Structure formats: C-alpha cells, structure tokens
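Here's the letter readout for the chains.
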Amino acid sequence: MKGFRYLLIAKLMSFSLMAQAGVMLQAFHWDAVSGQGPSWWMQLASQSQELSDAGFTSLWIPPVLKGASGGYSRGYDPFDDYDLGSKDQRGTIPTHWGSRWELQRMVAQARANGMQVIIDLNVSHRAGDSGDKKYLYKNAFGQDGKGRFQKGPMDFGDDFPFGRLLNFYSPYVRAELKQAGEWMVKSLGTQGLRVDSAKHIPADFLSDYLNYGELQKQYTVLEHWDNQNTINDYVKNKMNSRVGAFDFPLWNDLKEMSSGAGFFDMRRLQRSGLLGMSPELSVTFVENHDTDRAYATRNNKHLGYAYILTSEGYPCVFWKDYYDYQMKDLINNLIWIHEGLAHGPTEYRWADNDLLVYERTGEPGVLVGMNDSSWETRTEWVQTHFGANVELNDYSGKAGSIWTDGQGRVQISVPPNQFVAYSRAGIQFQLPKSSYKVTQEFFGAEDLDIPPAVNGKFQNAGYIYVQGGTSIEWDLNYERNAWKDSTKLIARILSEDNQVIMQESYGPSVGWAKGSVQASKTGWYRLEMAAENAPSPVKFWWKQTYQAPR
Ligand SMILES: [Ca+2]
C-alpha cells in the first residue's frame, strides 16, 4: 500500500510540479508594512520557524521587484527587472518589503525550516515611465541609463490599467523577460511563482517563459480570475497542466456559503470551482490581500477553512485570518487534519440544502460533515470507508467518539454553522520536520546590481546569513576576456566582525572553481570580489550553498 502510494506520487510529479500535500500561507497582506521596526522580510524570517511548526509548507511572498513608487509601492507596479531592493532608484534602495539581502535571508530561513518560497511575479506590465514609455535603469556603479533590459515604446503593447502592458510579441522582450526571471530565481533560491494577472498574458508566452531554464523547476500558480471552465481550459489545455490556479469560483461559493445565513445550498459545493474539475490544479483559498480589502468574508469563515483544509486541492491560508482575525488555533488544527488525515479521493456521503458530508478515502481518511444552517443541528446516518465496528474520533475536538455499525455506517451530528472531522480513534500524527540548505547566486556585471570585479579594490558582492558551525560551499565562474598571465580574480568572505574567513585568487588558467569554508558563528557574512591586472572589469557568477538558522 505504502509502495503503491509512493509510485502514484512519483507518477503525478512527473507531469506536473503540483504539491501533493502541504499548506501554503499567503505571507503578507496589503497593509503589512507599518513603516516602523524591522522590514517585512526580516519579520517573516523571524516567524518562519513558528509557521513551519504550525505545519505550513510554503510561503507566498509579495512581489520582490521594486515598484514605481519605491518604498510606497507594494510591488504590483514593477519598474526594473533587476532591482530586488538593491539599487538606489525610485527614491530608495530597499523595496516596500525590505532589502535584497534581507529577502535572501528570509528565503534561506524559510528553507532552513523546510518550507518552499513562492514569489509573487508580475510578468505582464511595467510602470514608472514619465509618459514616454522609456525605461532607463541604474547600473551596479549607480550610473543612470546603463542597467540591463531597458525598454522603449516598441517594447509595450496596449494600454493597461496598472502600468504598461509588455509587448509579448517582441523577441527582445520575450528573451529578456525569461533571462530576468531566471536571474531572479537563481539569485533568491526560491521554489515557486504566483503569476499576477495572468489573464493579460498570452498563454503561448507564459508557457514559453515557464519552460525556460531554471524557471521550469518553479511550481507555479496563476491569478486568473474567471469562471470554472475558462480557468480549467487555460491551465489544463493552454498551459498543459504546467501550472495551477487560484480557485476563484470556489472562493465565490465559499463566500456565499459563509454569508448566506443558511440559505446557501450546500449541494453547490459538490464539484464546485476548479477543484471540482481538476483538483490537482486547484489552489483553494478563502481570502487574499485583494478580496480582504474589497469583499471580505466576515461571518462563518471557519466553514470555508474547514472546507479547503479537508478537501483536495492545495489550500492557501491568508495571513490576516491566521494572525489578525483570531483563527490561528482553528487553522492549526485544520492543518494537522489536512496533513495527517485528509488524503485520497473524495466520496460524497450526503448532500442537501444544509448538510454536506464527504469523505477522503485515502489512508487514514477523514469523514467531514458541514452544516450551514444557522439554527438546526443535523443528524444523519452515512456510509463510511472505515469498515464495520470501528471507533471514530472527531479530530476537530467538538464531538466525542462514535462507532461504525456492522455495515461501516455511522450516525453523525453536526451543530449549526459547524463541521466535524472524523477518523479512526487514536491516530498519533506528528507533522514532519525537514530542513534544507539554500543555493543563491551572486552575479557580478556592470549592468546588474552587483558590480563586476575591478582592479585593486574589494567590492561588495552580497551578503548571506549563515548558521554557525555549518559550511558555506561555493561555485565560481568568471569571464576571462583578454586576460594576461598576471591577471587574477580574488574572492573573499568576511564575518560580521570583518574577519576574512576565506580568500582565494584565480588566474587565467582556471575559469571555474569551487570550495568550502566553515562559518563559526551565526550571522551575516559578506562576499567581496577584486581583480588584479585585469584588462577590463571581470564578470562573475558566484553560487553559495549554505544553511541558515531556523
Ligand atoms: Ca443551506
């Protein structure tokens, strides 16, 4: 049985990057940054252990590129494809959410806590020109108009409410977007993408983009706000199941259920949304940063969370529901049920206007009853997959034990506006703990944010935040145009107290190197590069693999 399940998972993984289990957290909200105290990236870094302990397996983080209004922009109006909070432009170096190095630290700590990081990606548009559709960027030396992937009027298409829609039929735009996307994920060491306003991006371009280089390995979920059939057609047929999508149609039904005061017909939840058509591609949610501002669900939200965390699909919990709206204990319990019990396909056992009973029939499985009536407790006999004369517990903690009869049937009672979640009594499930190193690449080039190596002067090539007593492993590539015998590239790493913990020189015969060094203390380590007798600044690709603290 175990072997069979493993094979099944391996088979599913082979044609799609969908998570087979796990719970995503939308790790921000619209007003997350107060303007005081540590940056959002640093707050997330310090909370990643708590979130991992609660059972979250991935964090959807806000846009990483700086927006047109600098520190005021949440990032949905990106300006420069190569500014992660590392260039002094739009009035600030850090983005709204923090600096590039803080972002890399947050990703590293999320990895150390076993979680995946999903970037909110805007690939549809750019913003911040002064009416002329001209986009000129700073380079690594702070010079204007010398940055990579500058844009002009020909690089944009139709008008677009949130900025300039990119011209996806320009070979320059297509090629540069893919390279910038790959640079971003290699720089940060992230695992996934959430594509903003995917509706405005031609499927052929998006497919091309997501199957390019390192971008191919990124689990991807689209924001494609549309009806069930249109979303399903886009992700399944046009994108060949390469991506999933946020389940807006299901969100709508759950919202109507929660606010319906019992008048919602629970039968509608059967086969609702993308979940009802392609569960492996559905990312289910109850609220997000946009819906919370405009159409928030106020009542009975627990029923929505109970539904998404016991159903198929990949559930995503909204930050404010977890932290601000007092749903943390409920959600922690539901995450445990999701990870420990709610496995396998779905069987509907009862459905009428008020009561929906369904079962996840994998091992160990769960029998869920939900009642949207605001006044009446519902009691019914239903079939289960647990077998004859088995003791079941309500793992939501509300009801006591019950026993199946000789035919595996059971009588359940669901109080008004409540749910129950039964499985075999006595299940002791521990949320799995894992920890990963992170690999982040530091590219030094004149037209990027990290300078190339220049003669006679060590320059900052970035920072990493490392767990004491672990090793930093690096791979280094560099360009050797017209190097002389005496030309050298010198790489070094310094601790927070400016001790050089590693320094190596590389001459013209090498071009590629690797090594490792022990980090004795937990803290920031600074990467530096210099050259000697180089005929021109030296471009480098310096890859660091390290363990961050939990
Ligand atoms: Ca009803």
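Cut-offs used in this document
- Per chain, the residues get numbers from 1 upward, laid out in the order the sequence is written.
- Confidence filtering applies because this is a predicted model: local features only for residues at pLDDT of at least 70, side-chain atom pairs given and counted only at 80 or more, and all residues used for totals across whole chains, interfaces and linings.
- Going along the chain from the N terminus, every DSSP run of H or I of four or more residues is numbered as a helix, and every run of E of two or more is numbered as a strand.
- When we talk radius of gyration, it's over C-alpha atoms, and the globule rule is simply 2.2 Å times the number of residues to the 0.38.
- Here a residue counts as buried when 20 or more other C-beta atoms fall within 10 Å of its C-beta, as exposed when 12 or fewer do, and as partly exposed in between; the C-beta atoms come from the backbone.
- Any residue pair is listed as a contact if its two C-beta atoms, each placed from the backbone, are within 7 Å.
- Lines fitted to C-alpha atoms define the axes, with helix axes restricted to the stretch in contact, and inter-axis angles between N-to-C directions lie between 0 and 180 degrees.
- For classification purposes, an angle smaller than 35 degrees is called roughly parallel, one larger than 145 roughly antiparallel, one from 65 to 115 roughly perpendicular, and anything else oblique.
- Crossing handedness: left-handed means the near helix sits turned counterclockwise from the far one by under a right angle, and right-handed means the same turn made clockwise.
- Whether two strands pair comes down to DSSP finding at least two bridges between them.
- The pLDDT score gives, residue by residue, the confidence of the prediction method on a 0 to 100 scale.

### Comments concerning the overall build of the chain
(1) Moving on: The secondary structure content of the chain amounts to 11 helices and 27 strands.
(2) Moving on: Over its C-alpha trace the chain gives a radius of gyration of 26 Å, about what one expects of a compact globule, namely 24 Å for 550 residues.
(3) Moving on: With respect to the principal axes defined by its C-alpha atoms, the chain has extents near 85 × 55 × 45 Å.
(4) Moving on: Taken over 550 residues, the chain has a buried fraction of 47%.
(5) Moving on: Intrachain contacts of the chain at a sequence separation of at least 6 include 71% that bridge at least 24 residues.

### Notes on the packing of helix α7 (residues 248-259) against helix α9 (residues 301-310)
(1) Moving on: Two numbers describe how α7 lies on α9: the axes approach to 8 Å, and their chain directions differ by 140 degrees. Of the possible angle classes, the one that applies to α7 and α9 is oblique. Seen along the crossing, α7 lies across α9 with a hand that is right-handed. Residues L254, M257 and S258 of α7 pack against K301, L303, G304 and Y307 of α9.

### Some thoughts on the pairing of strand β16 (residues 391-394)
(1) Moving on: Residues of β16 alternate between two faces, with L392 and D394 buried on one and E391 and N393 left unburied on the opposite face.
(2) Moving on: The pairing of β16 with strand β19 (residues 418-424) spans 3 bridges and is antiparallel. Opposite D394, over in β19, you have Y422 as the bridge partner.

### Quick notes on unusual backbone geometry
(1) Moving on: In the segment running from E363 into P364, the intervening peptide bond is cis, with an omega of 0 degrees.
(2) Moving on: In this fold, P364 is placed in the loop between β13 (355-360) and β14 (366-371).
(3) Moving on: Look at A261: it is not a glycine, yet its phi comes out positive at around 50 degrees.
(4) Moving on: Residue placement: A261 occurs in the loop between α7 and β10 (282-285).
(5) Moving on: Judged by the 13 C-beta atoms lying within 10 Å of it, A261 is partly exposed.

### Examining the packing of helix α4 (residues 171-188) against helix α5 (residues 203-210)
(1) Moving on: Two numbers describe how α4 lies on α5: the axes approach to 10 Å, and their chain directions differ by 40 degrees. Relative to α5, the element α4 lies oblique. As α4 runs across α5, the sense of the crossing is right-handed. Across from R174, L177, K178 and G181 in α4, the residues of α5 making contact are F205, D208 and Y209.

### With respect to the pairing of β13
(1) Moving on: Buried residues dominate β13, accounting for 6 of its 6 residues.
(2) Moving on: The alternating pattern of β13 places L355, V357 and E359 on one face and L356, Y358 and R360 on the opposite face, and all of these are buried.
(3) Moving on: Note: strand β12 (residues 346-351) against β13, 5 bridges, orientation antiparallel. In the strand pairing of β13, W350 is matched with V357.
(4) Moving on: Where β13 and β14 come together, 6 bridges link them in antiparallel fashion. Bridge pairing links E359 to L367 in β14.

### Considerations on α9
(1) Moving on: Of all 10 residues making up α9, 9 are buried, and the element is well covered by its neighbours.
(2) Moving on: All buried positions along α9 are accounted for by K301, L303, G304, Y305, A306, Y307, I308, L309 and T310.

### Things to note about the sheet that holds strand β25 (residues 512-519)
(1) Moving on: Reading across the sheet, the 4 strands line up as β20-β27-β22-β25 and stay open at both edges, with antiparallel pairing between neighbours. The open sheet has two edge strands, β20 (438-444) and β25, and neither has a second partner. Across the sheet, the mean angle from the axis of one strand to that of its neighbour is 20 degrees, orientation sign disregarded.
(2) Moving on: With 7 bridges joining them, β20 and strand β27 (residues 540-546) adopt antiparallel strand pairing. If you follow V438 over to β27, its bridge partner there is Y546.

### Overview of the confidence of the model for the chain
(1) Moving on: Mean pLDDT for the chain: 94, with 96% of residues reaching 70 or above.
(2) Moving on: Per-residue pLDDT stays below 50 along residues 1-19; that stretch engages in 15 contacts with residues further than four places along the chain or on separate chains.

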